[in-house]
Amino acid sequence: MNHKDKTAIENLIIIGRYMQENSILTTEDADLLEKSIQRAQRLIGVRVDPTMEELELGDITGIDVEAYIKAL
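Q: Could you clarify how one ought to interpret the overall build of the protein in this entry?
A: A count of helices and strands for the protein gives three helices and zero strands. Starting at the N terminus and ending at the C terminus, the protein contains elements arranged as α-α-α. The buried share of the protein, reckoned over its 72 residues, is 19%. Taken as a whole, the protein presents about 5,600 Å² of accessible surface, with 52% of it coming from carbon and sulfur.

Q: Teacher, can you tell me more about the pattern of salt bridges here?
A: If the charged atoms of two oppositely charged side chains come close together, the side chains can form a pair. Taken as a whole, this structure holds one salt bridge when the rule is applied. The salt bridge involving E34 is made with R17; its shortest N-O contact spans 3.0 Å. One end of the pair, E34, is in helix α2 (residues 27-44); the other, R17, is in helix α1 (residues 3-22), with 17 residues separating them in the sequence. Take R17: its relative accessible area is 7%, and that puts it in the buried class.

Q: In this structure, what is going on with the packing of α1 against α2? I would like to understand it.
A: Each pair of packed helices gets described by two things: the angle between the helix axes and the distance between those axes. At their nearest, the axes of α1 and α2 sit 10 Å apart, and the two run at 155 degrees to each other. Classified by the interaxial angle, the pair formed by α1 and α2 is roughly antiparallel. Read as a crossing pair, α1 and α2 show a hand that is left-handed. Where α1 approaches α2, its residues K6, I9, E10, I13, G16, R17, M19 and Q20 are matched on the opposing element by L33, E34, I37, A40, Q41 and I44. For the contact of α1 with α2, the class distribution of residues is seven nonpolar, three polar and four charged.

Q: Which parts of the structure should I look at to understand the confidence of the model for the protein?
A: Keep in mind that low pLDDT regions are not for reading the predicted coordinates in detail. Across the protein, the average pLDDT comes to 80, with 75% of residues at 70 or higher. Mean pLDDT values for the elements of the protein range from 71 in helix α3 (residues 65-71) up to 90 in α2.

Parameters at a glance
- Residues numbered from 1 in each chain as written.
- Predicted model: local features only at pLDDT ≥ 70, side-chain atom pairs only at ≥ 80, totals over all residues.
- Heavy atoms only, no water.
- Helix = DSSP H or I, 4+ residues; strand = E, 2+ residues; numbered from the N terminus.
- Buried < 20%, exposed > 50% of the residue type's maximum accessible area, 1.4 Å probe, protein only.
- Areas by Shrake-Rupley, 256 points an atom, 1.4 Å probe, with all protein chains shown as cover.
- Salt bridge = Lys/Arg side-chain N within 4 Å of Asp/Glu carboxyl O.
- Axes fitted to C-alpha atoms, helices over the stretch in contact; angles between N-to-C directions.
- Parallel < 35°, antiparallel > 145°, perpendicular 65-115°, else oblique.
- Left-handed = near helix turned anticlockwise from the far one by under 90°.
- Contact = heavy atoms within 4.5 Å.
- Nonpolar A, V, L, I, M, F, W, Y, C, P; charged D, E, K, R; others polar.
- pLDDT = per-residue confidence, 0-100.

So, in structure tokens, the structure goes:
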């Protein structure tokens, strides 16, 4: 796994944490999201704190979804 792969996963973790804080999720979805975040953190060896700086999805530009999917 290269640096770009790790960065892509870290970005997905941040987005996942944003979803946890700002979305209405079923219990099952919330559990799945948390388990996925934990596994992604183990994969890249980085703990992404859920209390990170506020992230506005509207501020994110140029997301290449295909690149994220390929990285995963």
